[in-house]
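These are the residues of each chain, in order.
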Amino acid sequence: MADIILETKNLTYTYAPKTAGEVTAIRDVSVAIERGTLVGIIGHTGSGKSTLIEHFNGLMRGTSGVVLLDGKDIWENKKEIRSVRFRVGVCFQYPEYQLFEETVYKDVAFGPKNMGLSEEEIDRRVREVLSFVGLEERYLELSPFDLSGGEKRRVAIAGIMAMEPQVLVLDEPCAGLDPIGRATVLSLIQNYQKTTGSTVIIVTHSMEDAALIADRILVMNQARLAFYGTVEEVFSHAGELQSMGLDIPQMMRLYLLLREKGLPVSKTFYTLEQAKKAILACFKKGENA
Amino acid sequence: MISDITIGQYYSGTSVLHRLDARVKILLTVLFIVIIFLCKNFLSLALMFALTAVSILLSGVPFRMFFKSLKPILPIILFTAVLNIFYIKKGTELLSFWVITITTGGLATAFFMAVRIICLIMCSSLLTYTTTPTDLTDAIERLLSPLKVLHIQVHTLAMMMTLALRFIPTLIEEIERITNAQKARGADFESGRFMQRVKAMIPVLVPLFVSAFRRAYELSFAMSCRCYHGGEGRTRMKQMKLHLSDGVSFLLFALVLAGVIVLNHFFGKLI
Ligand SMILES: Nc1ncnc2c1ncn2[C@@H]1O[C@H](COP(=O)(O)OP(=O)(O)OP(=O)(O)O)[C@@H](O)[C@H]1O
Ligand SMILES: [Mg+2]
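Reference entry: report on the structure contained in this document. Bear in mind that the values here come from a model prediction, so they are computed numbers and not experimental data.

Residues and elements named next belong to chain A. Judged by pairing direction, the sheet is antiparallel, and its four strands sit side by side in the order β2-β1-β4-β5 without closing on themselves. Two strands in the sheet have a free side with no partner beyond their single neighbour: β2 (23–34) and β5 (72–73). Pairing of strand β1 (residues 4–15) with strand β4 (residues 64–69) involves five bridges; the strand directions are antiparallel. Each residue of the ladder has a partner; that of T12, found in β4, is S64. Relative to β1, helix α1 (residues 49–56) is tilted by about 125°, and along the sheet it contacts β1, β2 and β4.

Right, here's the structure in full:
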């Protein structure tokens, strides 16, 4: 048995039920997420990704179905829902718009403070987490409103990380950033996951990013769970993904094409560099044989 | 939820009331309010009530929309009714113990006031349900345009109102978003004493103001980029023209006004 940390069972949510604007944003979603994995959620716009993750920390309550955290229904005790939010940290799209304190330090400390931690513990966490997101000490006393967009984003993400959640959920953490900003944010998330060993779930529109950093990929399509599995498994359904309006990463397509043509490419590759190596290795094998 | 607020909620339709000129509708609403305060007895009030009921039926807006707009006012209606019942001592005594006496006059006044308030609310809701906010501000701008003589910037005021109306839903959405984001960081809005709750709003209000200002700047830049320069010399995309139905409704209101005056005159006060 795999070690499951977060699980949904037949989760369904309907916005504005019994009105003209009724929309079922997620329908019958059952998925089990293993502890310590990095999950990428992909799906066409409006497929219900954001709605799904808002159920993970109990900001929304499914019209039907349950969410289990460590095997326990998060809604079992209504009063405990706040503690669920500390264990499942959700960082929304454009999180920089939630900054409000006078200094970066205070803003990052907001979550830990709400948890009722001691001053020393808060101080330790703020400093640690800020180094995770690659901001130096001098940022601590700056006003979050004076930072650049990318820096604000990193401070906001740090604010969630500082709660040291068992599961960190990020909704499109790279939206609206330039390529360098995207790469920075992705690598800091990856780094965070490796160092803390926690479970990380990230919603993204970029198949490349998902393929690059995720262990598992969850595909949403028209409110339903379409696929959940390893990167390779999911992207092997290239045709179906395309019919959902999703594209598979270029390198992945190349890999599949090579396999199809019967070339013995050994390992999957996601970057140009990996592709070069794999193909060269392939040729070498051919020469040797 | 907060999004239940019905300010400027337009219920789309094609009824006679929807098609009436917005200026006419505003004037008639004002006239209605004046007339209903002229009513002195139940007969004239009944006439106004009938006018309200007929207008509601004509509008094709479902009843539940009106109940929804009444809901927030209900406590006020009940409060005034209770006050009237206990304080007005006229007519025959119905009930009397300790300091409380209830008279027929008190009951009648309470009922009269309640119906009057309900008619008022219905009528103003009717205006916003059958007129789009843009039409409404447009009409206000035109009705107030004589004030230009006094160097009042009517166009600017109207533009500000249009924008304010336009951004109410946006800001409500924004509040919900920020509230959720802060809840995700463990912010607690539900428990604690009054002062604690007020303090708990800071993490929502600061980002809200920041984003409202940001939006305002962006919008003003976007408007200047499209050469917006205030009302001077602007022509209109939508011309407002009076139709026969507008004249007819004015006539109808004049008749009702006459009716109320006659009823007031011949049937005396209240009961
Ligand atoms: N507050 C709301 N009220 C009504 N319907 C909503 C609301 N929020 C979302 N929806 C609807 O629910 C569906 C799923 O929305 P959701 O935000 O979860 O999509 P998403 O997959 O996150 O999209 P994106 O990639 O654009 O962020 C959409 O059809 C949307 O129109
Ligand atoms: Mg989304």
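The next thing to look at is the interface of chain B and chain A. At the junction of the two partners, chain B supplies 17 residues and chain A supplies 20 residues. Buried area between chain B and chain A, both sides added, is near 1600 Å², and the carbon and sulfur share of it is 59%. Joining chain B to chain A, the criterion identifies two salt bridges. Across the salt bridge formed by R82 of chain A and D188 of chain B, the nearest N and O atoms sit 3.6 Å from each other.

With that settled, consider the site of ligand 1. Residue and element names in this part refer to chain A. Around ligand 1, the surrounding shell holds 13 residues, and the nearest of these are T45, G46, K49, S50 and T51. Here an oxygen atom of ligand 1 and a backbone polar atom of S47 are 3.2 Å apart. Between ligand 1 and H205 there is a distance of 3.1 Å, counted from an oxygen atom to a side-chain nitrogen or oxygen. In isolation ligand 1 offers 640 Å² of accessible surface; the protein chains occlude 63% of this area. At the level of elements, β2 and α1 are the ones that each hand at least two residues to the shell around ligand 1. For the shell around ligand 1, the per-class residue count stands at three nonpolar, eight polar and two charged.

Residues and elements named next belong to chain B. Axis separation between helix α4 (residues 63–70) and helix α6 (residues 104–130) bottoms out at 10 Å; the angle between their running directions is 120°. The orientation of α4 relative to α6 falls into the category oblique. Of the two elements, α4 crosses α6, and the hand of that crossing is right-handed. Of the residues in α6, those touching α4 at M65, F66, S69 and L70 are I118, I121, M122, S125, L126 and Y129. Grouping the amino acids of the contact of α4 with α6 by side-chain chemistry returns eight nonpolar, two polar and no charged.

Right, let's get into the pattern of salt bridges. A full pass over the atoms with the stated rule returns 21 salt bridges over all chains. The shortest N-O distance in the salt bridge between E174 of chain B and R215 of chain B comes to 2.5 Å. Taken together, the positions of E174 of chain B in helix α8 (residues 154–184) and R215 of chain B in helix α10 (residues 202–225) put the pair 41 residues apart, joining distant regions of the chain. For E174 of chain B, a relative accessible area of 3% puts it in the buried group. On the basis of relative accessible area, R215 of chain B is assigned to the partly exposed category, the value being 24%. What you see here is one network of salt bridges that share partners, running through E121, R124, R125, E128 and E164 of chain A.

What counts and how
Numbers given for residues are sequential positions, taken from 1 along each chain in its written order. In the order they appear in the text, chains get letters beginning with A and ligands get numbers beginning with 1. At least 70 in pLDDT is required for a residue's local features to be given in this predicted model, at least 80 for side-chain atom pairs to be given and counted, and no such filter applies to totals for whole chains, interfaces and linings, which use all residues. In computing side-chain values, all of the structure's heavy atoms are included and hydrogens and water are not. Paired strands, in this sense, are two strands between which DSSP finds at least two bridges. Each helix corresponds to a stretch of at least 4 residues labelled H or I by DSSP, and each strand to a stretch of at least 2 residues labelled E; elements are numbered beginning at the N terminus. Whether two residues are in contact is decided by their heavy atoms, any of which lying within 4.5 Å being enough. A fitted line through C-alpha atoms represents every axis, and for helices the fit uses only the stretch in contact; the resulting angles, taken between N-to-C directions, go from 0 to 180 degrees. A simple way to read buried area is as the amount of 1.4 Å-probe accessible surface that goes missing from two parts once joined, with both sides added. In what follows, salt bridge is the name for a side-chain nitrogen of Lys or Arg lying within 4 Å of a carboxyl oxygen of Asp or Glu. Any residue with a non-hydrogen atom lying within 4 Å of a molecule or strand is treated as near it. We call two N or O atoms a polar contact when they sit within 3.5 Å, provided that within protein one can donate a hydrogen and the other can accept it, with sequence-adjacent residues counted only if both atoms are side-chain atoms. We get accessible surface area from the Shrake-Rupley algorithm with a probe of 1.4 Å; when it comes to residues, only the shown protein chains can shield them. Residue type decides the class: Asp, Glu, Lys and Arg count as charged, Ala, Val, Leu, Ile, Met, Phe, Trp, Tyr, Cys and Pro as nonpolar, and the leftover types, Gly among them, as polar. These descriptions rest on fixed angle ranges, namely under 35 degrees for roughly parallel, over 145 for roughly antiparallel, 65 to 115 for roughly perpendicular, and the rest for oblique. When the near helix sits turned anticlockwise from the far one by under a right angle, the crossing is termed left-handed; a clockwise turn instead gives a right-handed crossing. Only protein chains enter the calculation, and the probe is 1.4 Å; a residue is then buried if its accessible area is under 20% of its type maximum, exposed if over 50%, and partly exposed in between.

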